[in-house]
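Structural characterization, general
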Amino acid sequence: MTNADTATTPAPDARAERRAKRIAKHLSSFAARHGGSADGVVEYVGAAATRIVLVGADGAWGDQVAPSYPVGRRAAELAGITLHDSFEGELGLKVKTGPYEWKRMAGIQI
């Protein structure tokens, strides 16, 4: 490999950092729209994805998918999201559900 090759091929860490910064913009935007802050949980979805579940200060919730757990954690850190170990307890109680969620939950019942 020549010096020119290394100059044009970003290191894996640099690529992960760019991805984290891009995702952090979405997380920050969510927080700004929903009361100025957000809490969240980073959860494994599978080998190739991680889900960042957010709860805004106003109780609205949403999510964002990251390509890996480290990228998801870094994105949340960059966005200033307060992370929790699980969605249970205090964080779960902050979520406000509306008619859409209740209709979807009722449709899942057998």
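Read on for an overview of the structure. All residue numbers refer to positions counted from 1 along the written sequence of the respective chain. Reporting of local features is limited, given that this is a predicted model, to residues whose pLDDT is at least 70; pairs of side-chain atoms are given and counted only at 80 or more, and all residues count toward the totals for whole chains, interfaces and linings. Only hydrogens and water are set aside when side-chain values are computed; all heavy atoms of the structure are taken into account.

1. Examining the pairing of strand S2 (residues 49-56)
What counts is decided by this rule: Type-normalised accessible area, obtained with a 1.4 Å probe on protein chains alone, sets the label of each residue: buried when under 20%, exposed when over 50%, and partly exposed for intermediate values. Numbering of helices and strands runs from the N terminus; a helix is a DSSP stretch of H or I covering at least four residues, while a strand is a stretch of E covering at least two. When DSSP finds two or more bridges between two strands, those strands count as paired.
Most of S2 is tucked away, with seven of its eight residues classed as buried. By the bridge criterion, eight bridges tie strand S1 (residues 38-46) to S2 in an arrangement that is antiparallel. By the bridge assignment for S2, glycine 40 is matched with leucine 54. The hairpin formed by S1 and S2 contains two residues between the paired strands. Pairing of S2 with strand S3 (residues 61-66) involves six bridges; the strand directions are antiparallel. Following the sheet pairing, leucine 54 is matched in S3 by glycine 62.

2. Some points on the packing of aromatic side chains
The way to describe two aromatic rings as a pair is by their centre distance and the angle between their planes. Heads up, the rule is: What counts as a ring pair is set by centres within 6.5 Å for rings of Phe, Tyr and Trp (its six-membered ring), and what kind of pair is set by the plane angle: stacked under 30 degrees, edge-to-face over 60, tilted for all other angles.
Tallied over the entire structure, the rule returns one aromatic pair. Ring centres of tyrosine 44 and tyrosine 69 lie 4.6 Å apart, and the angle between their planes is 15°; on these two criteria the pair is classed as stacked. Residue tyrosine 44 is found in strand S1, and its partner tyrosine 69 is found in helix H3 (residues 69-79); the two are separated by 25 residues along the sequence. Residue classification places tyrosine 44 among the exposed positions, given a relative accessible area of 61%. Given the relative accessible area of 24%, tyrosine 69 is considered partly exposed.

3. Observations concerning the pattern of salt bridges
To be explicit about the condition: Between Lys or Arg on one side and Asp or Glu on the other, a salt bridge is scored when a side-chain nitrogen of the former is within 4 Å of a carboxyl oxygen of the latter.
Counted according to the given criterion, the structure contains four salt bridges. Across the salt bridge formed by glutamate 17 and arginine 74, the nearest N and O atoms sit 3.0 Å from each other. On the criterion of sequence distance, the pair formed by glutamate 17 in helix H2 (residues 12-33) and arginine 74 in helix H3 is long-range, its members being 57 residues apart. With relative accessibility at 24%, the residue glutamate 17 sits in the partly exposed group. For aspartate 63, the salt bridge identified is with arginine 51, shortest N-O distance 2.7 Å. Here the residue aspartate 63 occupies a position in strand S3, and arginine 51 occupies one in strand S2, the gap between them amounting to twelve residues. When its relative accessible area of 28% is taken as the criterion, arginine 51 is described as partly exposed. It is possible to trace a salt-bridge network through shared partners that takes in Glu17, Arg74 and Glu77.

4. Brief notes about the environment of phenylalanine 30
Here is the rule: Should any heavy atoms of two residues lie within 4.5 Å, those residues are counted as being in contact.
Here phenylalanine 30 lies in helix H2. When the C-alpha atoms of phenylalanine 30 and glycine 62 are compared, they prove to be 8.0 Å apart, with 32 residues separating the residues in sequence. Setting aside its immediate chain neighbours within four residues, phenylalanine 30 contacts Ala38, Leu54, Val55, Gly56, Ala60, Trp61 and Gly62.

5. Focus on the nonpolar core
Note on soluble globular proteins: their nonpolar side chains tend to be buried together. Formally: Nonpolar core, defined: a set of buried Ala, Val, Leu, Ile, Met, Phe, Trp, Tyr and Cys residues in which side-chain atoms within 4.5 Å join the residues together.
Ile23, Leu27, Ile52, Leu54, Ala75 and Ile81 are the most contacted members of the largest nonpolar core, which has 16 residues in total. Going through the elements one at a time, H2, S1, S2 and H3 are the ones with two or more residues in this core. No other element matches the six residues that H2 contributes to this core. Excluding residues that lie within four positions of it along the chain, alanine 75 makes contacts with Ala20, Ile23, Ala24 and Leu27.

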